[in-house]
Amino acid sequence: MKYYLGIDVGSTTVKLYLTDENDNCLFSKYTRHFSDVRKTIYELLIEVKDQMGDIDLYPVMTGSGGLSLADKLGICGIYVSTVIACTKTVETYIPQTDVVIELGGEDAKITYFEGQLEQRMNGTCAGGTGAFIDQMATLLKTDAAGLNEYAKDYKTIYPIASRCGVFAKTDIQPLINEGVSKEDIA
């Protein structure tokens, strides 16, 4: 049997996904690397080995850190750009999709599937990305999932800059200082 391993090395996290030739998910893990990518990937690969034993893998690597890591390992032929990997996955598994927004740690990519394939990426600010969401969660003494839970119970929507992380934080900090509820800020 053939086994396929996807490794996504992002700016803040590593994701591993192992499947067999029948597209059965055998292992999946999403974890922060805290800037120690090599150690994180090593630990994840040990988890795969402990679970699966010795198997032949066909790896593919993607993400902002994937290219340099594949280069250092001398296996550049296994790198696929994140945009191409995401687009191919959507076209294969959820072809009815119109638009995909992929929030990375430091960027956001938007792919439009209707009509002619079109892709855009924010290149000037990390506002609205994973790192920004982490910063906002920290301000509210929670995590990203906690922001989501807070937001479910909002009563008032306050104007908060959405195109720039610095401006958003400048809008949020006074709300915190004024005692506005975490639910309304989230």
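Since the structure is predicted, the reported quantities are computational estimates derived from the model, not experimental observations.

**Student:** How would you summarise the overall build of the protein chain if you had to cite specific residues and measurements?
**Tutor:** Scanning the protein chain from terminus to terminus reveals seven helices and seven strands. When its helices and strands are written in sequence order, the protein chain yields β-β-β-α-β-α-α-β-β-β-α-α-α-α. Projected onto its principal axes, the C-alpha coordinates of the protein chain cover approximately 60 × 40 × 30 Å. Every one of the 186 residues in the protein chain was classed for burial, and the buried ones make up 29%. Here the analysis covers contacts within the protein chain between residues at least 6 apart in sequence; of these, 39% occur between residues at least 24 apart. Summing over all exposed atoms, the protein chain offers an accessible surface of approximately 11900 Å²; the carbon and sulfur share of this is 54%.

**Student:** Kindly report on the packing of helix α4 (residues 130–139) against helix α6 (residues 165–177), identifying the contributing residues and their values.
**Tutor:** Between α4 and α6, the shortest axis-to-axis distance is 11 Å and the interhelical angle comes to 15°. Between α4 and α6, the interaxial angle falls into the category roughly parallel. For the pair α4 and α6, the sense of crossing is right-handed. Along its contact with α4, which presents Phe132, Met136 and Leu139, the element α6 presents Gly165, Ala168, Lys169, Ile172, Gln173 and Ile176. By residue class, the composition of the contact of α4 with α6 is six nonpolar, two polar and one charged.

**Student:** I'd like a description of the pairing of strand β6 (residues 108–112), backed by residues and values.
**Tutor:** Where strand β5 (residues 99–103) lies against β6, five bridges are found, and the strand directions are antiparallel. The residue of β6 that forms the bridge with Glu102 is Lys109. Counted along the chain from β5 to the antiparallel partner β6, the turn is four residues long. Two elements, β6 and strand β7 (residues 118–121), share four bridges in a ladder whose sense is antiparallel. Of the residues in β7, the one forming a bridge with Lys109 is Met121. The antiparallel pairing of β6 with β7 creates a hairpin that spans five residues between the two strands, and Gly115 there sits at a positive phi of about 65°.

**Student:** So what's going on with helix α1 (residues 37–52)? Residues and values would help.
**Tutor:** In a regular helix each residue adds 1.5 Å, so 16 residues correspond to 22 Å; α1 covers 22 Å between its end C-alpha atoms and thus fits that length. Of the residues making up α1, those classed as buried are Thr40, Ile41, Leu44 and Val48. Taken down its axis, α1 places every buried residue within 95° of arc, on the same side. Exposed side of α1, more than 90 degrees from the buried face: Arg38, Tyr42 and Asp50 are the residues found there.

**Student:** I'd love a proper account of the pattern of salt bridges, names of residues and values included.
**Tutor:** Once the charged atoms of two side chains with opposite charge are near each other, the side chains can pair. Enumeration according to the criterion identifies eight salt bridges in this entry. A salt bridge links Lys29 to Glu47, with the shortest nitrogen-to-oxygen separation between them at 3.1 Å. Taken together, the positions of Lys29 in strand β3 (residues 25–32) and Glu47 in helix α1 put the pair 18 residues apart, joining distant regions of the chain. For Glu47, a relative accessible area of 30% puts it in the partly exposed group.

**Student:** For the side chain of Asp20, give the residues involved together with the corresponding values.
**Tutor:** With respect to the helices and strands, the residue Asp20 is situated in strand β2 (residues 13–20). Among buried charged residues, Asp20 stands out as having no salt bridge; its nearest opposite-charge side chain is Lys2, 12 Å away. A distance of 2.9 Å separates the side chain of Asp20 from the backbone nitrogen of Asn22, its partner in a polar contact. Look past the residues within four positions of Asp20 in its chain and what remains in contact with it is Met1, Lys2, Tyr3, Tyr4 and Leu26.

Cut-offs applied
- Residues numbered from 1 in each chain as written.
- Predicted model: local features only at pLDDT ≥ 70, side-chain atom pairs only at ≥ 80, totals over all residues.
- Heavy atoms only, no water.
- Helix = DSSP H or I, 4+ residues; strand = E, 2+ residues; numbered from the N terminus.
- Buried < 20%, exposed > 50% of the residue type's maximum accessible area, 1.4 Å probe, protein only.
- Contact = heavy atoms within 4.5 Å.
- Areas by Shrake-Rupley, 256 points an atom, 1.4 Å probe, with all protein chains shown as cover.
- Axes fitted to C-alpha atoms, helices over the stretch in contact; angles between N-to-C directions.
- Parallel < 35°, antiparallel > 145°, perpendicular 65-115°, else oblique.
- Left-handed = near helix turned anticlockwise from the far one by under 90°.
- Nonpolar A, V, L, I, M, F, W, Y, C, P; charged D, E, K, R; others polar.
- Pairing = 2+ DSSP bridges.
- Expected span 1.5 Å × (residues − 1).
- Arc of directions from axis to C-beta.
- Salt bridge = Lys/Arg side-chain N within 4 Å of Asp/Glu carboxyl O.
- Lys, Arg positive; Asp, Glu negative; His and termini not counted.
- Polar contact = N/O pair within 3.5 Å; in protein donor to acceptor, adjacent residues only side chain to side chain.

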